[in-house]
Amino acid sequence: MTDSEQFDVVVVGAGFAGLTAARNLKDKGITAVVLESRDRLGGRTWYRKFADTDQLIEMGGNWLTMNYQPLMQAELDRYDIPIELSPEMAASEWLINGKRTRGFPVPLDEIKSLEKAVLHCVRAADRIDPYAPLDTQGLEDLDVSWDEFFAPLDLPRATWDFLSMFPVFYAARDTASMSALMLLQQLALVGNSPWSFFAIGHHRFTHGTKSMIDAIAGDCADVRLNTHVASVTQDDDGVEVTTSEGDVLRARCVIWTTPLNCWNDVTFTPALSQGKQDAAAGAHSSDMTVKFWALVEKNDVDAVMAGPSTNRGLAVLSREYDVEGSALKVGFSCDPTAFDFNSVEGTDAAVEALTPGAHVIKSDWHDWNTDVLAKGSWFGARPGMLSTTHSELSRPEGRILFASSDIAVSFMGWMEGALETAHKASADAVALLGSRP
Ligand SMILES: Cc1cc2nc3c(=O)[nH]c(=O)nc-3n(C[C@H](O)[C@H](O)[C@H](O)COP(=O)(O)OP(=O)(O)OC[C@H]3O[C@@H](n4cnc5c(N)ncnc54)[C@H](O)[C@@H]3O)c2cc1C
């Protein structure tokens, strides 16, 4: 056997899940090492400068849903980290069913249909316990596409276009590939309040996600960057983790926190369960997301929200900061091929589609879809997945415990979900280590 270092626990991945799990273990006096492939902490959160300016922005995870995310609140309190509200969108426009409006998103003669649709969601969400796995609650009939969920209502065009924005907002998926069950669970998580669901996630870290990532990492004993894990082998005695450089680390257990879409890129011996392999192969995390930033010459529109019937995957463009006398706006799309987001010209065309006459000065984005250590953005379930495999995603396999926002029970896809799974995996590790000297 190769010479190897010995630890109680090896944690793989230094995003919110991995760092929190390692910090929890250190709190319990357990020796853990964190191995991270990137040259930075934070994973799918990344607070860095916009283009060639000094303005810091979030390339990945950004907003919090205060009042409903107690685990994040506990971390904010522990480290005394400030948060703030994103700017109020005083001048907002809708682009629904080809029409640009302000005020109410659908024409008044469609209000009854909109109410019927909202009631349909509230009744369905009322059946969901958002703190229990979704495959244990008899919810198969809700685990259909957003299209299928609303089909019985035969909704008029503007109402449907408005409702079709939500899969893009919440999971950067289109209506055909988004599980209604996942969105309905999000509604249940905010007290089944349609308004809270609509207004979800308006707080941001004053000094970026990095402020919390650095604080948690500061309480971890040993974090190693530029260390890519290539294989994991376990037997009754322990686990052997081998890096792509050939270094071997032995531990009594591993906490695995890489994105679900990357699980099949590593050799596990014995192999992971078929359920986990299939979930990873299905690219269930959203792998078509565009989050782009554009410095736009000031105009009188703070935000535009667009239904998919009009705008080639673009769902929203909103002002987040004022920079150099211009507005720095963030936009989301579920179609990375619709515009060339690598160029100012391509981004200008996207912005022009939402706000005619607007002029993009600079633009920036990170392509999470082609990033091999993410292979997508945040989790968005496809129809039929959660009602069949939700529990399986986070089920420990021998000495390998799993944590990631992609496999959370509640707040899947959110930083809050990463914290939830980190607490569970670190508690399981403590129990596992306590069971045998
Ligand atoms: C564009 C975008 C917008 C988002 N917006 C929000 C938002 O507004 N609010 C919100 O709450 N969430 C948001 N999210 C989601 C949130 O950022 C993530 O869900 C969360 O940060 C994931 O944390 P994690 O620790 O589970 O995974 P990750 O952050 O992905 O951490 C996993 C780590 O594992 C590393 N890794 C992968 N493979 C290996 C390997 N073989 N060896 C070693 N290391 C490896 C990766 O480099 C990574 O650092 C967004 C995400 C994106 C991309």
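Our subject is the structure listed above.
As a starting point, this report considers the structure included with it. (Residues numbered from 1 in each chain as written. Predicted model: local features only at pLDDT ≥ 70, side-chain atom pairs only at ≥ 80, totals over all residues. Heavy atoms only, no water.)

Scanning the protein from terminus to terminus reveals 13 helices and 20 strands. Against the 2.2 N^0.38 benchmark of 22 Å for 437 residues, the protein shows a C-alpha radius of gyration of 22 Å, consistent with a compact globule. Contacts in the protein between residues at least 24 apart in sequence constitute 73% of all its contacts with a sequence separation of at least 6. Per element, the accessible surface of the protein, about 17,300 Å² overall, is 52% carbon and sulfur. (Helix = DSSP H or I, 4+ residues; strand = E, 2+ residues; numbered from the N terminus. Rg over C-alpha atoms; globule rule 2.2 N^0.38 Å. Contact = heavy atoms within 4.5 Å. Areas by Shrake-Rupley, 256 points an atom, 1.4 Å probe, with all protein chains shown as cover.)

With that out of the way, let us pick up the site of the ligand. Close contacts around the ligand come from 37 residues, with Glu36, Arg44, Trp63, Ser405 and Met415 the closest. Measuring from an oxygen atom of the ligand, one finds a backbone N or O atom of Gly413 at 3.2 Å. Protein burial of the ligand: of its 1,000 Å² of free accessible surface, 97% is covered by the chains. When residues of the shell around the ligand are traced back to their parent elements, those giving at least two are α1 (16-27) and α13 (415-434). Class assignment of the residues belonging to the shell around the ligand gives a composition of 16 nonpolar, 17 polar and 4 charged. (Near = heavy atom within 4 Å. Polar contact = N/O pair within 3.5 Å; in protein donor to acceptor, adjacent residues only side chain to side chain. Nonpolar A, V, L, I, M, F, W, Y, C, P; charged D, E, K, R; others polar.)

Attention now moves to the sheet that holds strand β5 (residues 63-64). With respect to topology, 3 strands assemble into an open sheet ordered β5-β9-β6, the strand pairing being antiparallel. Only two strands of the sheet have a single partner each, and these edge strands are β5 and β6 (83-85). Direction of pairing for β5 relative to strand β9 (residues 203-205): antiparallel, over a ladder of 2 bridges. Bridging across to β9, Trp63 finds its partner in Arg204. (Pairing = 2+ DSSP bridges.)

This model, assessed by the stated rule, comprises 27 salt bridges. Across the pair Glu5 and Arg224 runs a salt bridge, and its minimum N-O distance is 2.7 Å. Of this pair, Glu5 sits in strand β1 (residues 4-12) while Arg224 sits in strand β10 (residues 222-224), and the two are 219 residues apart along the sequence. For Glu5, a relative accessible area of 36% corresponds to the partly exposed category. A relative accessible area of 24% means that Arg224 is categorised as partly exposed. Linking Arg250 and Glu240 is a salt bridge whose minimum nitrogen-to-oxygen distance equals 3.3 Å. One end of the pair, Arg250, is in strand β13 (residues 248-256); the other, Glu240, is in strand β12 (residues 239-243), and 10 residues separate them in sequence. For Arg250, a relative accessible area of 14% gives the class buried. By sharing partners, the salt bridges in this structure join Arg23, Asp27, Glu75, Arg78 and Asp219 into a single network. (Salt bridge = Lys/Arg side-chain N within 4 Å of Asp/Glu carboxyl O. Buried < 20%, exposed > 50% of the residue type's maximum accessible area, 1.4 Å probe, protein only.)

On to unusual backbone geometry. A cis geometry characterises the amide bond from Thr269 onward to Pro270, with omega recorded as -5°. By the element assignment, Pro270 lies in the loop between β14 (267-269) and α10 (274-281). Positive phi, normally seen in glycine, also occurs at Glu324, with a value near 50°. Tracing the sequence through the fold places Glu324 in the loop between β17 (314-323) and β18 (326-333). Among the residues examined, Glu324 registers a relative accessible area of 57% and is labelled exposed. Positive phi is not limited to glycine here, since Phe411 has a value of about 50°. Structurally, the position occupied by Phe411 is in the loop between β20 (400-402) and α13.

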